[in-house]
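Here's the letter readout for the chains.
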Amino acid sequence: MSIFQNEKKTNDQNLSENLIGSAQTNRISIGTEIKGDIKAKGDFRIDGVLEGNIETSGRIVVGEKGLVKGMVKCLNAEVEGKVDGDVEIDGQLLLKKTAHISGETVVGMLAVEPGATFNGTCTMQRKGDKKTSPTS
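Rules used in this analysis
Residues numbered from 1 in each chain as written. Predicted model: local features only at pLDDT ≥ 70, side-chain atom pairs only at ≥ 80, totals over all residues. Heavy atoms only, no water. Helix = DSSP H or I, 4+ residues; strand = E, 2+ residues; numbered from the N terminus. Polar contact = N/O pair within 3.5 Å; in protein donor to acceptor, adjacent residues only side chain to side chain. 1 Å grid on protein atoms, 1.4 Å probe; cavity = no way out; pocket = protein on both sides within 12 Å on 5 of 7 lines; lining within 4 Å. Points joined across faces, edges and corners; volume = space filled by probe spheres on them. Patch = residues over 30% accessible without salt bridge, like charges linked within 9 Å, V, L, I, M, F, W, Y side chains within 5 Å. Areas by Shrake-Rupley, 256 points an atom, 1.4 Å probe, with all protein chains shown as cover. Salt bridge = Lys/Arg side-chain N within 4 Å of Asp/Glu carboxyl O. Buried < 20%, exposed > 50% of the residue type's maximum accessible area, 1.4 Å probe, protein only.

Asks: How would you sum up the environment of Asp 37? Please name residues and give values.
Replies: The residue Asp 37 is located in the loop between strand E2 (33–35) and strand E3 (38–40) in this model. For the pair formed by Asp 37 and Asn 53, sequence separation is 16 residues and the distance between their alpha carbons is 4.7 Å. A polar side-chain atom of Asp 37 sits 2.9 Å from the main-chain amide nitrogen of Asn 53.

This is the structure in structure tokens:
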């Protein structure tokens, strides 16, 4: 093996590690149930069941068969399944027609397809805006 082959292998490994780290999506698959809180940096897709809170600086997708029983906090979210708990989205929350949400929701932007079920309160607030009370 020559010195050039070692360099190429090292560069390929570094490129692979950089790509994996930047494009990583975590997943809870159908048939998987997790009890406990999750804190992540990357995107997350939930097609199984999560009984606990989830927080990420990325995007969360709750698939049509997905269920979250707890708080959801992230940058952006798309819900096709069920969320039973408070939701805090800095960016956009998209509720697909099969979505069921129950709880207090604070979002930057909200998009709801006809057929989605939303039970609770919704406050639209962009990140950095001051919270206002009803008396101010």
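Asks: Break down empty space enclosed by the protein for me, citing the residues and quoting the values.
Replies: For the coordinates displayed, the defined rule picks out 1 cavity of 30 Å³ or more. Taken as a whole, the largest cavity spans an internal volume of roughly 50 Å³. Ile 60, Val 62, Val 72, Ala 77, Glu 78, Val 79, Val 83, Val 87, Leu 93 and Ile 101 are the residues that line the largest cavity. Those elements that place two or more of their residues in the lining of the largest cavity are strand E7 (59–62), strand E10 (76–79) and strand E12 (87–95).

Asks: Could you give an account of a nonpolar patch on the surface, with specific residues and numbers?
Replies: Among the surface-exposed residues, Met 109, Leu 110, Val 112 and Met 124 lie close enough to one another that they form a single nonpolar patch of about 340 Å² accessible area. For Val 112, a relative accessible area of 48% gives the class partly exposed.

Asks: Quick one: what's the story with the pattern of salt bridges, residue by residue and with numbers?
Replies: Under the definition given, this model contains 5 salt bridges. Salt-bridge contacts for Lys 96 lead to Glu 113; the nearest nitrogen and oxygen are separated by 3.6 Å. You can see Lys 96 sitting in the loop between E12 and strand E13 (100–102) and its partner Glu 113 sitting in the loop between strand E14 (105–112) and strand E15 (117–119), a full 17 residues away along the chain. The class of Glu 113 is partly exposed, set by a relative accessible area of 27%. Through salt bridges with shared partners, a single ionic network connects Arg 27, Arg 45 and Asp 47.

All we've got here are geometric facts, nothing functional implied.
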